[in-house]
Amino acid sequence: MQTLKTWLIRNPIWGFVVLIFVFFSFANPYFFDLQNFQNILVQTSTIGLIALGMTLVMINGNIDLSVGATVALAASLAIDIQGWEAFANWGNWAILPGVIAGLMSGVILGAVNGLIVWKTGVDAFIVTLGAMLGVRGLVFAYTEEQSFFAMNFAYSDFGASSVAGLPTLAVLFLLFALGTHLLLSGTVHGRNTYAVGGNREAAVNAGIRVGPHMLINFMLVGFFAALAGITLSTQMGAATPNLGREYELWTITAVVLGGTKLTGGSGTIIGTFGGVLAIGILRNGMNLMQVPAFYVLVILGTILIAVLFLDKQLTRGGKEELRT
Amino acid sequence: MVAETKSEVGEASKPKRRVQGNAVVSVLAKQGILIAFALFMLGFALFSERFLSADNVMTVLRQSAIIGVMAVGVTVVVIGGNLDLSVGSMLSFSTVMVVDLHDKLGPELAIPVMLLATLCIGAVNGTLVGFLRLNSLIVTLGMLSAIQGLTLIYSGGQNVDIANQQGTWFAIFGRGQMLGIASPIVIFLGLAVLMHIVMAYTPFGRRVYAVGGNPTAATFSGIRRSRTVFLTYVISALCVGIAAIILGSRVMGSQNNVGQGYELQVLATVILGGTSLLGGSGNVLKTVIGVLILGFIQNGLLLLGYAYYVQWIVTWIVIILAVWLDVAAKRGRLLSPIA
């Protein structure tokens, strides 16, 4: 009981998840249903995948605003390239080069962001704000403002398929969440990520090479954004140049709800998973209760600010600030 | 003989030239944004005759006015050490409101009612960030989403427009002229000069710089930090209200998401103007230059026949180069020393 209590104090978002879960279960007859739970997991997997990478970058003391544009670029590349003449007689294997190119684009864009942040010393917020505009420009230039459709139905079938009774996309998300959790909690890179975000000076003095860790995390968030773009496009069987707009905002909302600090140095994948679920359950539950989408926006914004306020009240713990 | 004197002169002038070189570097560093702007203008002017024509310059200014008016307000917030990402949603809200109320109450009432509502939103931002000391990025991110919802609730998801578009004096703000110049330009430049005077020559302006530069020191010198931050958000909201009047008047209607994405464009112009996101430094008039740079890049690339999205890629490069030069000049070396 005591451990549960301390765990909940550390991850207040899970208390909230349980609360809204119970609420919607009683408030709506269609909510408590295995099919619906699977729906929620699939719906959250897109933002969820990006949020995994964003958690790493934010723990590291940086931020990435360009993920939404990366989603669009990877989705467009994946769908366009699998339709190239060169792969015409590859059958279903033609999907592979498309997906690889999409994932590579994310990793490369992440590396570009990471290298710029590392080598120039410009704040990650500014670097990725620029990239958010610029990468969207690349998407429009590449697609010439056209939407792409996957001609091969095997591609969109993947988005609707299941593994052992669970939707494949949900399984993919859960596996990557587990992997990222292990990376953060069990490896040297994970520990150094916390160290660099918590106190960069101290990390440097302790002999940690700050730059490579930031670079790796930017590459990871690029990879996850690209993967999210590809899974999203398998759900639709299409990619539009405007795909992923405002995803950066949703992702940051989810990560912050999960208790990761913008200043870096603290945060967990378990928290982020809670944050992603909270948004997913709220949207799904309110949809089922036929609350207009407008109110969902207001409620989510309010909850984000309320969580921030509560977090501040809970963690201030005796350190009274100067108030004027 | 001649050769000797030449070499002497050469040797004597060498160190001098180096000193001059340093001076040039420091001027370059301080006024980098102005120089980049001048180079840009020159380059485009060489390739397109129409680029520097009075007509075209006026067009760019008019198009930049809405972003510019918002950027003036956001500059004040950023100098105070915070961010405001809610200005885009707020612009949607205010424009929808003023256009909607125009037919219901008449323009003379619609404008003050809308301004009051916008200021209230600004006051909410200001209370949360100023008095409750919450992180401004997240607060305004939450507000971005909440105000988007509010706008949709207010309009019921419908687009709004003004029925009698010819006969209303409301048209003067977006379509009319003041002093022979298109009014958006007059409003934008007038507001920028006014805000520059406020920031550079009044006690309030000094307090904003102090709070943004070092909040603790500001508090110890008797500045009411919370109230100062609060006021920067009210100013930002006021600027959004003014931008909404221009936008509503120009379009005579509004979509629910008209301001979507503006917050980051506005922030980009503020950053281009050399205002540090850390707070405590910046200049409203330089933000105007940032606005003009983005406006002229957009216009110049279009005149040269590039698709509109090419400007986004160019903006990406320009933002990073501009801030990099700024950062490099401050630390005295090009590359960051971190390992």
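Since the model is a prediction, treat every value here as computed from it, not as a measurement.

(A) Expanded view of the packing of helix H4 (residues 87–105) of chain B against helix H10 (residues 225–251) of chain B. Residue and element names in this part refer to chain B. H10 packs onto H4 with a crossing angle of 50° between their chain directions and a minimal axis gap of 8 Å. When the axis of H4 is compared with that of H10, the two are oblique. Crossing of H4 against H10: the hand is right-handed. Residue-level contacts link Val87, Met90, Leu91, Ser94, Thr95, Val98 and Val99 of H4 to Ser236, Ala237, Val240, Gly241, Ala243, Ala244, Ile245, Leu247 and Gly248 of H10. Grouping the amino acids of the contact of H4 with H10 by side-chain chemistry returns 11 nonpolar, five polar and no charged.

(B) Region of the structure containing the nonpolar core. Residue and element names in this part refer to chain B. If you look at the biggest cluster of nonpolar residues, it comprises 201 residues, and the most contacted ones within it are Val69, Met70 and Ala243. The element best represented in this core is H10, accounting for 15 residues. Sequence-distant contacts of Val69, defined by excluding residues within four places in its chain, comprise Ile187, Phe188, Leu191, Cys239, Ile242, Ala243 and Ile246.

(C) Main features of the interface of chain A and chain B. Listed by partner, the interface residues are 45 residues for chain A and 44 residues for chain B. Broken down by secondary-structure element, the contributors of at least two residues to the side of chain A that touches chain B are helix H5 (95–120), helix H6 (124–143), helix H11 (210–236), helix H12 (247–257) and helix H14 (293–316) of chain A. Take the side of chain A that touches chain B: its biggest share by element is 14 residues, from H6(A). By residue class, the composition of the side of chain A that touches chain B is 29 nonpolar, 10 polar and six charged.

(D) The UniProt feature "transmembrane region" (unreviewed entry) in chain B, seen in detail. Residues and elements named next belong to chain B. UniProt marks residues 23–47, 59–79, 109–131, 137–157, 178–201, 230–252, 264–297 and 309–329 with the feature "transmembrane region" (unreviewed entry), using the numbering shown here. Across residues 137–157 one finds 90% helix and 0% strand; the C-alpha atoms that close the span lie 27 Å apart. Taken end to end, residues 230–252 has its terminal C-alpha atoms 32 Å apart, with 96% of it in helix and 0% in strand.

(E) Layout of the packing of helix H3 (residues 34–59) of chain A against H12(A). Residues and elements named next belong to chain A. The N-to-C vectors of H3 and H12 enclose an angle of 65°; their axes lie 9 Å apart at closest approach. Here H3 lies roughly perpendicular to H12, going by the angle between them. Between H3 and H12 lies a crossing of right-handed hand. Contact residues: Ile47, Ile50, Ala51, Met54, Thr55 and Met58 in H3; Tyr247, Trp250, Thr251, Ile252, Ala254 and Val255 in H12.

Criteria and thresholds
Residues numbered from 1 in each chain as written. Chains lettered and ligands numbered in written order. Predicted model: local features only at pLDDT ≥ 70, side-chain atom pairs only at ≥ 80, totals over all residues. Axes fitted to C-alpha atoms, helices over the stretch in contact; angles between N-to-C directions. Helix = DSSP H or I, 4+ residues; strand = E, 2+ residues; numbered from the N terminus. Parallel < 35°, antiparallel > 145°, perpendicular 65-115°, else oblique. Left-handed = near helix turned anticlockwise from the far one by under 90°. Contact = placed C-beta atoms within 7 Å. Nonpolar A, V, L, I, M, F, W, Y, C, P; charged D, E, K, R; others polar. Core = buried A, V, L, I, M, F, W, Y, C linked by C-beta atoms within 7 Å. Buried ≥ 20, exposed ≤ 12 C-beta atoms within 10 Å, placed from the backbone. UniProt positions renumbered as here; feature names shortened; annotations may be inferred.

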